[in-house]
Amino acid sequence: MKNYPDNFKIIVVGAGHAGCEAALAAARMGTKTLLITQDLDTIAQMSCNPSIGGIGKGQMVREIDALGGEMAKIADVSAISYHMLNTSRGPAVHSPRAQCDKKIYQFSMKHILEKQPNLYIIQDEVAAIWTEGSKLKGVITRRDVKYKASAVIITAGTFLKGLIHIGLKSFPGGRYNHYPSNHLSASIKEHGIELARLKTGTPMRINGRSIDFSKCIEQKPDNPCQSFSHFARPAPAKFRSCWITHTNDEVTKIINDNLHSSPLYSGKIKSIGPRYCPSIEDKIVKFPHHKSHHIFLEPEGYNTEEYYLNGLSTSLPEDVQLKILHSIKGLEKAEILRAGYAIEYDFAYPIQLDKTLESKIVRGLFMAGQVNGTTGYEEAAAQGLMAGINAANKLKHSEPLILERKEAFIGVMIDDLITKNVDEPYRMLTSRAEYRLLLRKDNADLRLLKYGFKTGLIDKKYKKPFKLYEKSVKEIISNPHFKASKKTTMFPWSLETAFKEAKIQREYKTYIERNIKEAEKIKDFEHINIPDNLDFSKIKGLLLESKQKFIKVRPKNMAQASRIPGVTPSDLQLVIINITGAQRTRRSIRRESGKEYRGA
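Residues numbered from 1 in each chain as written. Predicted model: local features only at pLDDT ≥ 70, side-chain atom pairs only at ≥ 80, totals over all residues. Heavy atoms only, no water.

### Regarding the sheet that holds strand β5 (residues 79-85)
In space, the three strands of this open sheet follow the order β4-β6-β5, with antiparallel pairing throughout. Single-partner strands in this sheet number two, and they are β4 (51-53) and β5. Going from strand to strand, the sheet's axes swing by 20° on average, the running direction of each strand aside. Summarising the sheet, β5 and strand β6 (residues 95-100) pair through six bridges and their orientation is antiparallel. For His83, the partnering residue across the bridge sits in β6 and is Arg97. (Pairing = 2+ DSSP bridges. Helix = DSSP H or I, 4+ residues; strand = E, 2+ residues; numbered from the N terminus. Axes fitted to C-alpha atoms, helices over the stretch in contact; angles between N-to-C directions.)

And the structure:
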C-alpha cells in the first residue's frame, strides 16, 4: 500500500454524467479535485439513449445550465435533432429534448474536463473508502494506492456489482464489455450504508442500411429549434430525422411464446426496473389491451449508421430479439449491431443522505446519480452538480446550496429522494412537481442564475445583460407596448425572449399567483424546525409506522416531515405539540432561572 504523493480537497469516483458535473463544479469553485475513472475513453459515455432532455428532464437540463453546469452546453454542441415535447399543452409541461451525436458529446465533455484548471484525472478503480476512526481520509484503489482528500463524491452509476442479463445467460459488467466495480460495494456496506439492488435495461442497436425507411414515419427536427443553454445558440448543422414504427400482434405472440427465456419473467432477475421506461416484455404482459407500441428509430450520430430503438428495451435471448425485429414494419431485414440487455446493480438508499447529498453516516462522503436510485443522464448530472457545489461549500465553510421544491425540479428530485426514498428507479416527471407552473423551462435563468453567480460557476460578464433582461421582462409585463432602445444589448438574452417570457407570465398570471400562494402556505411548516436530538420513539400517540419513518428520515423541519409517505396529519400535529411544548418548557426554565439569579 502506498500513498499518492499529492493531496486533494475532493475526490470524485466515476466519470459518468454525475461525475463530470461534480468534478467540474468542485474544481471551478477553487477546490483541488481529483476525478478517478476506470476508463478514460468512456468519460461521459451515453450508455443508453444518445439523447438529452425529455418530459421533466429538459427543464432540469435548463436548471443545470442556469446553475453553471456543463450538460446543456455539450448537448447543444452535439445535437443532431431538437424536438420540443408537449407543445399542444401549457408552458408548464413544455419540455426540450435533443438527439445527440454520442461520440461528439462524449469527447467534447472529456476535453472540457482535461482543460479545466484545478482538476486532475486518473485512470484507476476505487476499491474502498479510506477512513481512520470516524474520519474520512480519501479512497483506496485496486492498485493499492491511497488518495487523500477531505471529501469524496461517489458517482458509480450501474457499476456497483453490475450483472448483465441476455436471456438466461448472465455475466458481470457495469455496461456491456466493461468491468463492474465489485469491491467498492463491500466497503460502502462496511461503513454502515445500506445497499439494495435495482435493474435497468437497454434496447438492441441496428444498422441503418438494413432499415426500410419508406415503411416508417419520419419525425423531422424542429425548425426553428431552441437550444438548451441560456448562453449559446444552436450551431448551424445538418440535422438528422428520427423515424417511427410500431409493434404488432406478431411481436406480441413472439414475446408471449418466449417469456420462459426472459430473465424478467423466469425469476432470474429479482430487482425492480424503471416504471416509466419498461422493457417490451413488461409492456406486452402488463398492458395487453394495447395492440401496438411505438418504436422510435433514433440515429446515434452523424458519422455512423447505428440506430437506437427507443421503446424496444429487452433482455430476451438474441435469436428472439432478431425474430421480434423482423416482425416489425420497416425492420424486416434489420441487422443487429448490439443486442439489448438488462443490468442489475447495487444502489444506496437515498434516505441516508442530507439535502446536500452528503451521507448522514460517513461525514464528508457525498453520493450522486444512479447510486442513489435514480435513472437517466439528466437526473445524474443534476445530482452531480449539487454534490460538487455542496462538497466545495463544506470545505470552504460556506452555506450549502439547498434548492426548495418551489424553486427547481432539482429541488423536487432531491427532496423526493431523501424524504420518500426509492423502491424503484426514480425518474423526473413534470407531474412530480406540485408547483410546476413556477418551474418552467423558459424561466430557469430567472429562478436560478442568482445561485450560479453566487457560487462563481456563472461568469460575472453575464450579470449586467441578465439584470437588463430581468428588468425588461418586468417592464413589458406592466407595459405591453414597451419599446427598448435600439442600442439596448442584453446578449445572450434578447428582447424577443423577454417579450415571450412576459407573455407567458401575463397569460398565466392567475395560476402562477395561485401556485405562489400555495407555496407560501408551506413556508409556515418550513419555519418549524425539528431539533436534531428529538426522540421520536418517546412521542406518545404516534403510529408505530410513523415513528419508524421519522427515525429513519430524520426530517429537518415540519414541511419535510409532512411529505413522508404514510405519515398522518395527527402524527404531524403530535410532533408539533412536542416541539412547541419542549420549547415552552425551555423558555420557562430560563425565565425561572433568571428570577432565581436576580433574587439572589
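There is more to say, and it comes next.
### Topic: the layout of surface pockets
Empty space within the second largest pocket amounts to approximately 840 Å³. Listed by contribution, the elements that provide at least two residues to the lining of the second largest pocket are β5, β6 and α13 (495-507). Looking at side-chain class alone, the lining of the second largest pocket contains twelve nonpolar, ten polar and twelve charged residues. (1 Å grid on protein atoms, 1.4 Å probe; cavity = no way out; pocket = protein on both sides within 12 Å on 5 of 7 lines; lining within 4 Å. Points joined across faces, edges and corners; volume = space filled by probe spheres on them. Nonpolar A, V, L, I, M, F, W, Y, C, P; charged D, E, K, R; others polar.)

### Digging into helix α6 (residues 249-257)
All of the buried residues in α6 are Val251, Thr252, Ile254 and Ile255. The arc that holds every buried residue of α6, seen down its axis, measures 165°, which confines them to one face. Packed against the buried residues of α6 are α7 (280-286) and α8 (318-326). (Buried < 20%, exposed > 50% of the residue type's maximum accessible area, 1.4 Å probe, protein only. Arc of directions from axis to C-beta. Contact = heavy atoms within 4.5 Å.)

### What about the pattern of salt bridges?
Going through the model one piece at a time under the given rule, you end up with 37 salt bridges. In this structure, the salt-bridge partner of Asp354 is Arg363, at a minimum N-O distance of 2.9 Å. Overall, Arg363 belongs to the partly exposed group, its relative accessible area being 39%. Among the charged side chains, a salt-bridge network with shared partners connects Lys355, Glu404, Arg405, Asp415, Asp416, Lys420, Glu434 and Arg563. (Salt bridge = Lys/Arg side-chain N within 4 Å of Asp/Glu carboxyl O.)

### Describing the environment of Tyr265
With respect to the secondary-structure elements, Tyr265 resides in the loop between α6 and α7. Taking the C-alpha atoms as reference points, Tyr265 and Gly411, separated by 146 residues in sequence, lie 36 Å from one another. Excluding anything up to four places from it in sequence, Tyr265 contacts Leu259, Glu281, Asp282, Val285 and Lys286. Within the local environment of Tyr265, its side chain forms a polar contact with the side chain of Asp282, the two groups lying 2.4 Å apart. (Polar contact = N/O pair within 3.5 Å; in protein donor to acceptor, adjacent residues only side chain to side chain.)

### Things to note about empty space enclosed by the protein
Under the counting rule described, the total for this entry stands at one cavity of 30 Å³ or more. Within this model, the largest cavity holds a volume of roughly 40 Å³. In this structure, the largest cavity is lined by Lys355, Met386, Ile402, Leu403, Gly411, Ile414 and Asp415. Looking at the lining of the largest cavity element by element, the count peaks at three residues for helix α10 (residues 409-420). A per-class count over the lining of the largest cavity returns four nonpolar, one polar and two charged.

### A short note on the side chain of Thr245
In this structure, Thr245 sits in strand β16 (residues 242-246). Judged by relative accessible area, which is 3%, Thr245 ranks as buried. Engagement of the side chain of Thr245 in a polar contact is seen with the backbone oxygen of Lys329, the distance being 2.8 Å. Contacts of Thr245, omitting those with residues within four sequence positions, involve Cys216, His293, His294, Ile295, Leu297, Ile328, Lys329 and Leu331.

### Overview of unusual backbone geometry
Look at the link from Asn223 to Pro224: it is a cis peptide, with omega at 5°. Inspection of the secondary structure assignment puts Pro224 in the loop between β15 (217-219) and β16. A cis amide bond links Phe491 with the next residue in sequence, Pro492, at an omega value of 10°. Summarising the element assignment, Pro492 is placed in the loop between α12 (463-478) and α13. You will see that Leu357, though not glycine, has its phi angle at about 75°, which is positive.

### Quick look at the packing of aromatic side chains
Following the criterion strictly, the structure yields 19 aromatic pairs and no others. With 4.9 Å between their ring centres and 45° between their planes, Phe213 and Trp243 make a pair best called tilted. Pair noted here: Phe213 is in the loop between β14 (195-207) and β15 and Trp243 is in strand β16, with a separation of 30 residues, a long-range link. For Phe213, a relative accessible area of 22% puts it in the partly exposed group. Residue class for Trp243 comes out buried when judged on its relative accessible area of 17%. Plain terms: the ring middles of Tyr469 and Trp493 are 6.1 Å apart, the flat faces sit at 25° to each other, and that makes the pair stacked. With Tyr469 in helix α12 and Trp493 in the loop between α12 and α13, this residue pair connects regions lying 24 residues apart in the sequence. For Tyr469, a relative accessible area of 1% gives the class buried. An aromatic cluster is defined as three or more aromatic residues linked by ring pairs; in this entry it consists of Phe231, Phe453, Tyr462, Phe466, Tyr469 and Trp493. Sitting above the plane of the Tyr426 ring, Arg432 keeps its charged end 4.2 Å from the centroid. The ring of Tyr349 has Lys552 sitting right over it, with the charged end atom 5.7 Å from the ring centre. (Phe/Tyr/Trp six-rings, centres within 6.5 Å; stacked < 30°, edge-to-face > 60°. Lys NZ or Arg CZ within 6 Å of the ring centre and 35° of its normal.)

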